[in-house]
Amino acid sequence: FTPTFIGNLELKNRFIRSATWDGMAGIKGEVTPEQIKIYKTLAAGGAALLTSGYTFISPEGRQHHGQAGLDQDRVMEPLAELAEIVHQSGSRLFIQLVHCGGQANPKISRLPAKAPSAIDHQLFDQRPQELTRKEIKKLINDFATAAGRAKEAGCDGVQLHAAHGYLISQFLSPAINKRQDDFGGSLDNRFRFLRECFLRTREVVGRDFPLTIKINGQDYLENGLMLDETVEICQRLEEMGLDAIEISGGSKASSPKQPVIMKIDQPEKEAYFLDDAVAIQRTVNIPVITVGGIRSPRTIDKIISLGIPLIALCRPLIREPELINRWQDGDLSPSSCTSCNGCFKPAWRGEGIRCIQSSA
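Residues numbered from 1 in each chain as written. Predicted model: local features only at pLDDT ≥ 70, side-chain atom pairs only at ≥ 80, totals over all residues. Heavy atoms only, no water.

Some words on the environment of Glu-77
Stage number 1. Along the chain, the position of Glu-77 falls in helix H2 (residues 76–88).
Stage number 2. For Glu-77, a relative accessible area of 68% translates into the label exposed.
Stage number 3. Spatially, the C-alpha atom of Glu-77 lies 8.8 Å from that of Val-31, the residues being 46 residues apart in sequence. (Helix = DSSP H or I, 4+ residues; strand = E, 2+ residues; numbered from the N terminus. Buried < 20%, exposed > 50% of the residue type's maximum accessible area, 1.4 Å probe, protein only.)

Considerations on the packing of aromatic side chains
Stage number 1. Going through the model one piece at a time under the given rule, you end up with 8 aromatic pairs.
Stage number 2. Arranged with centres 5.5 Å apart and planes meeting at 50°, the rings of Phe-1 and Phe-15 form a pair that is tilted. In this pair, Phe-1 sits in the segment before strand E1 (4–6) while Phe-15 sits in strand E3 (residues 15–17), placing the two residues 14 residues apart along the sequence.
Stage number 3. Relative accessible area serves as the criterion here: at 5%, Phe-15 is assigned to the buried category.
Stage number 4. Centre to centre, the rings of Tyr-54 and Tyr-166 are 5.5 Å apart; their planes meet at 45°, and the pair counts as tilted. One end of the pair, Tyr-54, is in the loop between strand E4 (49–51) and strand E5 (55–56); the other, Tyr-166, is in the loop between strand E9 (157–162) and helix H5 (167–172), with 112 residues separating them in the sequence. In this structure, Tyr-54 and Tyr-166 share a single accessibility class: buried.
Stage number 5. Every member of this aromatic cluster is reached through a ring pair, and the members are Phe-143, Phe-171, Phe-183 and Phe-193.
Stage number 6. Seen from the ring of Tyr-39, Arg-17 lies directly overhead, with NZ or CZ sitting 5.0 Å from the centre. (Phe/Tyr/Trp six-rings, centres within 6.5 Å; stacked < 30°, edge-to-face > 60°. Lys NZ or Arg CZ within 6 Å of the ring centre and 35° of its normal.)

Focus on the pairing of strand E13 (residues 310–313)
Stage number 1. Burial along E13 is two-sided: Leu-310 and Ala-312 and Ile-311 and Leu-313, pointing in opposite directions, are all buried.
Stage number 2. Strand direction decides the pairing type here: E3 and E13, joined by 3 bridges, are parallel. Paired with Phe-15 across the two strands is Ile-311, which belongs to E13.
Stage number 3. Both strand E12 (residues 288–290) and E13 contribute to a ladder of 2 bridges, which runs parallel. When the sheet's bridge partners are listed, Ile-289 is paired in E13 with Leu-310.
Stage number 4. One crossover worth recording links E12 to the parallel E13 by way of helix H9 (residues 297–305), and it is right-handed. (Pairing = 2+ DSSP bridges. Right-handed = clockwise from strand over helix to strand, strands pointing away.)

Points about the pattern of salt bridges
Stage number 1. Scanning all chains against the criterion turns up 24 salt bridges.
Stage number 2. The shortest N-O distance in the salt bridge between Arg-133 and Asp-182 comes to 2.6 Å. Taken together, the residues Arg-133 in helix H4 (residues 133–152) and Asp-182 in the loop between H5 and helix H6 (187–205) connect sequence positions 49 residues apart.
Stage number 3. Judged by its relative accessible area of 45%, Arg-133 falls in the partly exposed class.
Stage number 4. According to the relative accessible area criterion, Asp-182 is partly exposed, its value standing at 30%.
Stage number 5. The shortest N-O distance in the salt bridge between Arg-354 and Glu-351 comes to 3.7 Å.
Stage number 6. We classify Glu-351 as partly exposed; its relative accessible area is 44%.
Stage number 7. Connected through shared salt-bridge partners, Glu-130, Arg-133, Arg-179, Asp-181 and Asp-182 make up one network. (Salt bridge = Lys/Arg side-chain N within 4 Å of Asp/Glu carboxyl O.)

Structure (structure tokens):
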């Protein structure tokens, strides 16, 4: 519960609510009263920083109904209301920015899915179209413009989503990126899209606005991104002015090592990306955030002892939004979350995310 910093932004404790799709955004991706209610409860529950669900920066990059968007000015007013609600409890709000690339859903966007390369892969439900250089340049500006909207709306920072097989991750991964131009091939080239997104975003939001990233330590795919390359990417981003790194891993195509693993029922199964996070923290001076099935103070003590300063949780805060306050008040029993993933079922039905175990 020691206060800490991301860039020049002070956080009241080490706990972050990791980005979580809740299925409650409006038709255009706007924040809704139902979402404001959820975030108000989460902020009151004690987490220092709430990260939004993955927020699309361009219409064709959308994956789900109920997904938040920040691709137009009209969504800024309700976002500003959300930021104010979060601040009232002393918490901070970051917006996670994403383009889903080949994982985007044309049935929702009514636009073709686009990716670095037009390939068939188990990550994709259909073969995407290959992005042109002109389209790549536009998307770089779209990330930056969306970040500028987040800042103007009063949010405290942004996180670029470069994990889980979405567009930035697709550019980084040699398993997905088969381009023959200067956006594909070598690590320098595969890193170019992320590099340009970061630099353009930093230009728009300024140096004092926290800019972070969520990235796979590894893709867990044949010929995918490996830890040694991720380490080098993170070192380069730190030199460019990145403020923090959240380490995740895998994608829906990387079973059994996926971002959201089920049946985390003992401490030994928690923090399943911790080794990668520690390896990266040892090579950079900015804070690393670890995520993945964390639900007990025993595990959190271990994480901190290994030099990782920030802890991100998702599913335990769906079941028990007041968990952080409970721990701070001295009740150190683990979260009762069973990692059944049933919380996402109501969201798929358009009812919004909730713990079906606690409401049964």
